[in-house]
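Chain residues, written in single-letter form:
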Amino acid sequence: SEVIRLENIWKIYRVGDVETKALRGVTLTVNRGDLVAIMGPSGSGKSTLLNMLGLLDKPTSGKIFIEGRDVTALSSNEVADVRNRKIGFVFQQFNLVNRLTVLENIELPLIPRGIPRAIRVRRVVEALRMAGGDESWLPKRPNQLSGGQQQRVAIARAIVGEPEIILADEPTGNLDRASAKLVMETFIKLNNAGLTTIIVTHDPEIANCTRKILLLRDGVIKSVEDPNPEKCIL
Ligand code: ADP
Ligand code: ADP
């Protein structure tokens, strides 16, 4: 079944007199349980596309449907609510808060939901285990962990709210090969558990672990390629 659908999405940035057509009519359906890579040269619109899929920014025109519901018709509060319930984000720079512990970082998405502390902690432990992390990390600060460990904490934070979709922007871009492999193993495991997963990456060894590669060029999907599993990092 369909989780996200983009219909003829255009995104035009205007800075002063300068216009950039970052997306030029993208149409795309992502089904439940998909594992998709988005590739393309720098400036081709990958981040902009991820921002559209993640409801982080509004398209200039076109429609976005989440589970069949037209979110471009919703107020920004309603959009934020859909985003918080349905979508988990993972970034290249981890985006963890260093003055908070690992436990506090992972439980952040649960705080606005008014979930009692004991239940939050139980869910944090569960999410960290799913993300391939270790309970001994919970009282530490993120910067006491390696990059690969921090990314697994970030994945735990992304899944603790039990989203439908995980969107990852260059999740292995700052990691060595061994850590990249662990992180990709984690995404595969989560996807096998049913989580729809979309990964923007420059790394063919990551893209080849997915089931579909979208090649972006000059703001359009230029082609859809079959991954070569023999060239997956795992
Ligand atoms: P990619 O992620 O593939 O590198 P982006 O989506 O970041 O591509 O950018 C696509 C194009 O849109 C580029 O020309 C970029 O400079 C431009 N762009 C992206 N974000 C903005 C913005 N907030 N304001 C103005 N131009 C932007
Ligand atoms: P990536 O490394 O994923 O390709 P970019 O470096 O293209 O990301 O962009 C990082 C962020 O900066 C994005 O959120 C994008 O929207 C914004 N951005 C990119 N190009 C521009 C630009 N020309 N003007 C303003 N913001 C931009």
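Located above this text is the structure these notes cover.
Residues numbered from 1 in each chain as written. Chains lettered and ligands numbered in written order. Predicted model: local features only at pLDDT ≥ 70, side-chain atom pairs only at ≥ 80, totals over all residues. Heavy atoms only, no water.

### What to know about the overall build of the protein chain
Point 1. Scanning the protein chain for helices and strands turns up seven helices and 10 strands.
Point 2. Projected onto its principal axes, the C-alpha positions of the protein chain cover 50 × 45 × 40 Å.
Point 3. For the protein chain, buried positions account for 51% of its 234 residues.
Point 4. Within the protein chain, residue pairs in contact and separated by at least 24 positions form 70% of the contacts whose partners lie at least 6 positions apart.
Point 5. When the accessible area of the protein chain is evaluated, it comes to approximately 11,100 Å², of which 48% is carbon and sulfur surface.
Point 6. If you average the places of the 32 positive and of the 27 negative side-chain charges in the protein chain, the two averages end up 3 Å apart. (Helix = DSSP H or I, 4+ residues; strand = E, 2+ residues; numbered from the N terminus. Buried < 20%, exposed > 50% of the residue type's maximum accessible area, 1.4 Å probe, protein only. Contact = heavy atoms within 4.5 Å. Areas by Shrake-Rupley, 256 points an atom, 1.4 Å probe, with all protein chains shown as cover. Lys, Arg positive; Asp, Glu negative; His and termini not counted. Charge placed at Lys NZ, Arg CZ, Asp CG, Glu CD.)

### As for the site of ligand 1
Point 1. Neighbouring ligand 1 are the residues Y13, V15, T20, A22, P41, S42, G43, S44, G45, K46, S47 and T48.
Point 2. In the environment of ligand 1, an oxygen atom lies 3.2 Å from a nitrogen or oxygen atom belonging to the backbone of S44.
Point 3. In this structure, T48 approaches ligand 1 through a side-chain N or O atom, which is 2.5 Å from an oxygen atom.
Point 4. Protein chains bury 61% of the 560 Å² of accessible surface belonging to ligand 1 in isolation. (Near = heavy atom within 4 Å. Polar contact = N/O pair within 3.5 Å; in protein donor to acceptor, adjacent residues only side chain to side chain.)

### Looking at the nonpolar core
Point 1. Core analysis: the largest hydrophobic core is formed by 39 residues, its most contacted members being I106, V153, M184 and F187.
Point 2. Counting residues per element, the ones that place at least two in this core are α3 (102-107), α4 (117-130), α5 (147-159), β7 (165-169) and α6 (177-192).
Point 3. In this structure, V3, V26, V79 and L167 belong to the second largest nonpolar core, which totals 29 residues. (Core = buried A, V, L, I, M, F, W, Y, C linked by side-chain atoms within 4.5 Å.)

### A look at the pairing of strand β3 (residues 35-39)
Point 1. Along β3, five of the five residues are buried, which leaves the element largely enclosed by surrounding structure.
Point 2. The alternating pattern of β3 places L35, A37 and M39 and V36 and I38 on opposite faces, both of which are buried.

### With respect to the state of the cysteines
Point 1. Counted by the stated rule, this structure contains one disulfide.
Point 2. Disulfide pairing places C209 opposite C232 at an S-S distance of 2.2 Å. Taking the sign of the S-S torsion, about 95° here, the bridge from C209 to C232 comes out right-handed. Of this pair, C209 sits in the loop between α7 (204-207) and β9 (212-217) while C232 is found in the segment after β10 (220-225), placing the two residues 23 residues apart along the sequence. Taken as a pair, C209 and C232 share a single burial class, namely buried. (Disulfide = S-S within 2.5 Å.)

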